[in-house]
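# Summary of the model geometry
These are the residues of each chain, in order.
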Amino acid sequence: QVQLVESGGSLVQPGGSLRLSCAFSGNIFSIYRMGWYRQYPGKQRELVASITTDGNTNYPDSVKGRFTISRDSARNTVYLQMNNLKPEDTAVYYCNLNCNLNPYGSPLNYWGQGTQVTVSS
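Our subject in this report is the structure included herewith.

Calculation notes
- Residues numbered from 1 in each chain as written.
- Predicted model: local features only at pLDDT ≥ 70, side-chain atom pairs only at ≥ 80, totals over all residues.
- Heavy atoms only, no water.
- Helix = DSSP H or I, 4+ residues; strand = E, 2+ residues; numbered from the N terminus.
- Contact = heavy atoms within 4.5 Å.
- Salt bridge = Lys/Arg side-chain N within 4 Å of Asp/Glu carboxyl O.
- Buried < 20%, exposed > 50% of the residue type's maximum accessible area, 1.4 Å probe, protein only.
- Phe/Tyr/Trp six-rings, centres within 6.5 Å; stacked < 30°, edge-to-face > 60°.
- Lys NZ or Arg CZ within 6 Å of the ring centre and 35° of its normal.
- Polar contact = N/O pair within 3.5 Å; in protein donor to acceptor, adjacent residues only side chain to side chain.
- Disulfide = S-S within 2.5 Å.

In this structure, glycine 35 sits in strand β4 (residues 30–39). Between the C-alpha atoms of glycine 35 and arginine 19, which are 16 residues apart in sequence, the distance is 14 Å. The contact partners of glycine 35, leaving out residues within four places of it in the chain, are Ala49, Ser50, Ile69, Tyr94, Cys95 and Asn96.

Structure (structure tokens):
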């Protein structure tokens, strides 16, 4: 199976920065997309950033210009650099991997356990 382990969540003051990391492992045949989502209490997860295997990125307007997603293929790791953090960025952040474990069928989504980001003075 696929395992994703996130790290980097913390308490930070408004205007500060954090970098989240997500190391993934498993018998992966092909990766289509990697991403970060966040979830507020009682709400559905929402996309924060995504990156395809050819490097195309996507961000919602709420984080565009502040967050940057990147990947290190050699280390099987995806990062989320978050700058100019705001209190409304406070949430649990989840890493997502959309991939196939074999050449057949549709890719599936795999999730990390989540890491808490709190932006507060």
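Oppositely charged side chains can pair when the atoms bearing their charge come close. A full pass over the atoms with the stated rule returns five salt bridges. Residues arginine 75 and aspartate 72 are paired through a salt bridge, measuring 3.3 Å at the closest nitrogen-oxygen approach. Taking the relative accessible area as the measure of exposure, arginine 75 reaches 60% and is therefore exposed. Beyond isolated ion pairs, a larger network of salt bridges with shared partners links Arg38, Glu46, Arg66 and Asp89.

This part covers the packing of aromatic side chains. Taken as a whole and assessed by the stated rule, the structure comprises one aromatic pair. An angle of 70 degrees between the planes, with centres 5.0 Å apart, marks the rings of tyrosine 37 and tryptophan 111 as edge-to-face. Linking tyrosine 37 in strand β4 with tryptophan 111 in strand β10 (residues 108–111), this pair joins segments that are 74 residues apart in sequence. Here tryptophan 111 falls in the partly exposed class, since its relative accessible area comes to 34%. Across the ring face of tyrosine 94, the terminal group of arginine 45 is positioned such that the distance to the ring centre comes to 3.6 Å. Stacked on the ring of tryptophan 111, the Lys or Arg arginine 45 has its end atom at 4.6 Å from the ring centre.

Further remarks concern the side chain of threonine 77. Looking at where threonine 77 falls in the secondary structure, it is placed in strand β8 (residues 77–82). At 2.9 Å, the side chain of threonine 77 and the backbone oxygen of arginine 75 are in polar contact. Ignoring anything within four residues of it in the chain, the contact list for threonine 77 reads Ser21, Cys22, Ala23, Phe24, Ser70, Arg71 and Asp72.

This next bit is on the side chain of threonine 115. If you trace the backbone, threonine 115 turns up in strand β11 (residues 115–119). A polar side-chain atom of threonine 115 sits 3.1 Å from the main-chain amide nitrogen of glycine 9. Discounting chain neighbours no more than four positions away, the residues touching threonine 115 are Glu6, Gly8, Gly9, Leu20, Ala91, Val92 and Tyr93.

In total, this model carries one disulfide according to the counting rule given. Cysteine 22 shares a disulfide with cysteine 95; S-S distance 2.2 Å. Linking cysteine 22 and cysteine 95, the disulfide has an S-S dihedral of approximately -85 degrees and is accordingly described as left-handed. Of this pair, cysteine 22 sits in strand β3 (residues 18–26) while cysteine 95 sits in strand β9 (residues 91–100); the two residues are 73 residues apart in sequence, bridging distant segments of the chain. Pair check on accessibility: cysteine 22 and cysteine 95 agree, each one buried. Cysteine 95 provides the cysteine sulfur closest to cysteine 99, a residue in no disulfide bond, and the two sulfurs are 11 Å apart. On the basis of relative accessible area, cysteine 99 is assigned to the buried category, the value being 1%.

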